[in-house]
Amino acid sequence: MSAVPGLQADCEELLGAFQEADTVRFERFAELWRERRFHTIFYGRIRALERNKLTKKTLEVAQQYFLPPYAFQIRVGALYLLYGLYSTQLCQPKQKIRIALKDWPEIRRFQQDLINSQHYDAAYIFRTLRLARAFHFTAMPKLLNYRTKKKIQENEFKEEFKEPSNRVNSLITNDVLEELMNIHDHYQKMKCVISADKSRPDKALSLIKDDFVSTLKHITLEHQEWQQNRMKLFLNAKETDEMLNKKEEGNLLESEGSERANALARIKYKSYSAVVEASKSRRHRQVKLESSESGSNYGKSLSRSKKASRRPQLARKRDSLGIKGEMQVGKETVTQHIGMPIITEENSDEEASAYSYGWRAGCLGERGPCRGKRLLPNLSMSSQAVL
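Rules used throughout
- Residues numbered from 1 in each chain as written.
- Predicted model: local features only at pLDDT ≥ 70, side-chain atom pairs only at ≥ 80, totals over all residues.
- Heavy atoms only, no water.
- Salt bridge = Lys/Arg side-chain N within 4 Å of Asp/Glu carboxyl O.
- Helix = DSSP H or I, 4+ residues; strand = E, 2+ residues; numbered from the N terminus.
- Buried < 20%, exposed > 50% of the residue type's maximum accessible area, 1.4 Å probe, protein only.
- Phe/Tyr/Trp six-rings, centres within 6.5 Å; stacked < 30°, edge-to-face > 60°.
- Lys NZ or Arg CZ within 6 Å of the ring centre and 35° of its normal.
- Patch = residues over 30% accessible without salt bridge, like charges linked within 9 Å, V, L, I, M, F, W, Y side chains within 5 Å.
- Areas by Shrake-Rupley, 256 points an atom, 1.4 Å probe, with all protein chains shown as cover.
- Core = buried A, V, L, I, M, F, W, Y, C linked by side-chain atoms within 4.5 Å.
- Contact = heavy atoms within 4.5 Å.
- Polar contact = N/O pair within 3.5 Å; in protein donor to acceptor, adjacent residues only side chain to side chain.
- Axes fitted to C-alpha atoms, helices over the stretch in contact; angles between N-to-C directions.
- Parallel < 35°, antiparallel > 145°, perpendicular 65-115°, else oblique.
- Left-handed = near helix turned anticlockwise from the far one by under 90°.
- Nonpolar A, V, L, I, M, F, W, Y, C, P; charged D, E, K, R; others polar.
- Arc of directions from axis to C-beta.

Caption draft 1: Representation of the pattern of salt bridges in the model. Under the criterion given, the structure shown has 8 salt bridges. Salt-bridge contacts for E31 lead to R28; the nearest nitrogen and oxygen are separated by 2.9 Å. Of this pair, E31 and R28 are both found in helix α2 (residues 26-36), 3 residues apart, which corresponds to roughly one turn of the helix. Between E35 and R36 there is a salt bridge, and its shortest N-O distance comes to 3.7 Å. By relative accessible area, E35 is classed as exposed at 55%. Owing to a relative accessible area of 28%, R36 belongs among the partly exposed residues under this scheme. A network of salt bridges, in which partner residues are shared, links E13, E35 and R36.

The following block contains the structure:
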């Protein structure tokens, strides 16, 4: 029914607990709501689009229990559930409860039953929803799209929430029994009038039993008790079947796991038993012999080729080392050219030392005759061109 996992199960669990409470008071439903923290069902959706979709789906799931063929107590619980969900939703503007026009007469009859039965708290909740304009009246129960072929899923009704279909109770109601009682009393009076003894009717006129109405009422009550006991037995049998199915599944899983473990153990045993183990003192010798025997010819040829090619390789390594040394020297000169100006060979060592001292003094700002100045030597034209 719902695309949100666990949504319908949570609603059914709350309504089932309300049904077990055997009451239709809103106070008891509010306690069950707070115990389960049902208002947090809308938490976790950050985006507005996701919140709207979740709220619509939640109201749709709860609305299906508000209509027949569910029992009166379940319908009252669904009304309270719709009120709680509508009041605690996080959407702005609020999402409304979708009601088809064909279902509205049945809802109005349900409201009148609440008033007649003096369930004023439920009637007040319904009136509050109407004044808050919480209902969205539509032509169809679900949204239809143009030229779309989509299989409409039928609602799976929970048997525990259904009102038991009883032909006897639908035919023999309290009003019918009261009417039969009045007719039977009037019939007894008429028999006394036409009888010789006015105090009691003649036996010839006794076509039906005197306790006809009381017997019929007693039989009806016995039928109701039998139906309730049958429903309880059905629920108990369903629970036992579920328990047995869980036990069978657990046994099957255990048997499959044991069979697999045994098969793996057999395979390991066969693979390990086929290997011939050598003694600990000869294992390394065996490996060396096998390797020397198998690769003796190949080793000899490799040793010869290595000896022949060792000398030219050494020469090549020396050449490559010399080339690398020259490259490194060249790199060092390049880095020196980048870091400092080029000093030509015409300058003496004293000029170079003076130049370096003047450079440091000018850069660091030392005290002395060259403070704050950069001492540059007399450079040749070639060095100036390089700069």
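Caption draft 2: The packing of aromatic side chains, seen in detail. What the rule picks out here adds up to 15 aromatic pairs. For the ring pair F66 and F110, a centre distance of 5.6 Å and an interplane angle of 90° mean the geometry is edge-to-face. Taken together, the positions of F66 in the loop between α3 (48-63) and α4 (72-88) and F110 in helix α5 (residues 104-116) put the pair 44 residues apart, joining distant regions of the chain. Its relative accessible area of 0% is what places F66 among the buried residues. Of the aromatic side chains, those joined through ring pairs into one cluster are F18, F26, F29, W33, F38, Y80 and Y83. Of note, K94 hangs over the ring of Y86, and the distance from its end group to the ring centre comes to 5.7 Å.

Caption draft 3: Structural detail: a nonpolar patch on the surface. Residues L207, I208 and F212 make up a contiguous nonpolar surface patch of roughly 320 Å² in combined accessible area. Tracing the sequence through the fold places I208 in the loop between α8 (174-194) and α9 (212-273).

Caption draft 4: Expanded view of the nonpolar core. Counting 44 residues, the largest nonpolar core has F38, Y65, F66, L79, L81 and L85 as the members making the most contacts within it. If you tally residues by element for this core, the top one is α4, at 9 residues. Setting aside chain neighbours within four positions, we find L81 in contact with C11, L14, F29, W33, F38 and A62.

Caption draft 5: Structural view of the side chain of R75. Examined against the element boundaries, R75 turns out to sit in helix α4. For R75, a relative accessible area of 7% gives the class buried. Here the side chain of R75 touches F66 through a polar contact of 3.1 Å, landing on its backbone oxygen. Those residues in contact with R75 that lie beyond four places of it in its chain are Y65, F66, L67, P68, Y70, E106 and F110.

Caption draft 6: Quick look at the packing of α2 against α4. Two elements in contact, α2 and α4, have axes whose closest approach is 11 Å; the angle formed by their N-to-C orientations is 55°. Relative to α4, the element α2 lies oblique. Seen along the crossing, α2 lies across α4 with a hand that is right-handed. Along the contact surface, α2 presents F26, F29 and W33, while α4 presents G77, Y80, L81, Y83, G84, L85 and T88. Its residues assigned to classes, the contact of α2 with α4 shows 7 nonpolar, 3 polar and no charged.

Caption draft 7: Fine view of α2. Listed in full, the buried residues belonging to α2 are F29, A30, L32 and W33. Around the axis of α2, the buried residues are gathered within 160° of arc, so they sit on the same side. Summarising the geometry of α2, the exposed residues directed more than 90 degrees from the buried face are E27, R34 and E35. As for α2, its buried residues are in contact with α1 (7-20) and α4. R37 sits one or two residues past α2 and shows a positive phi near 50°.

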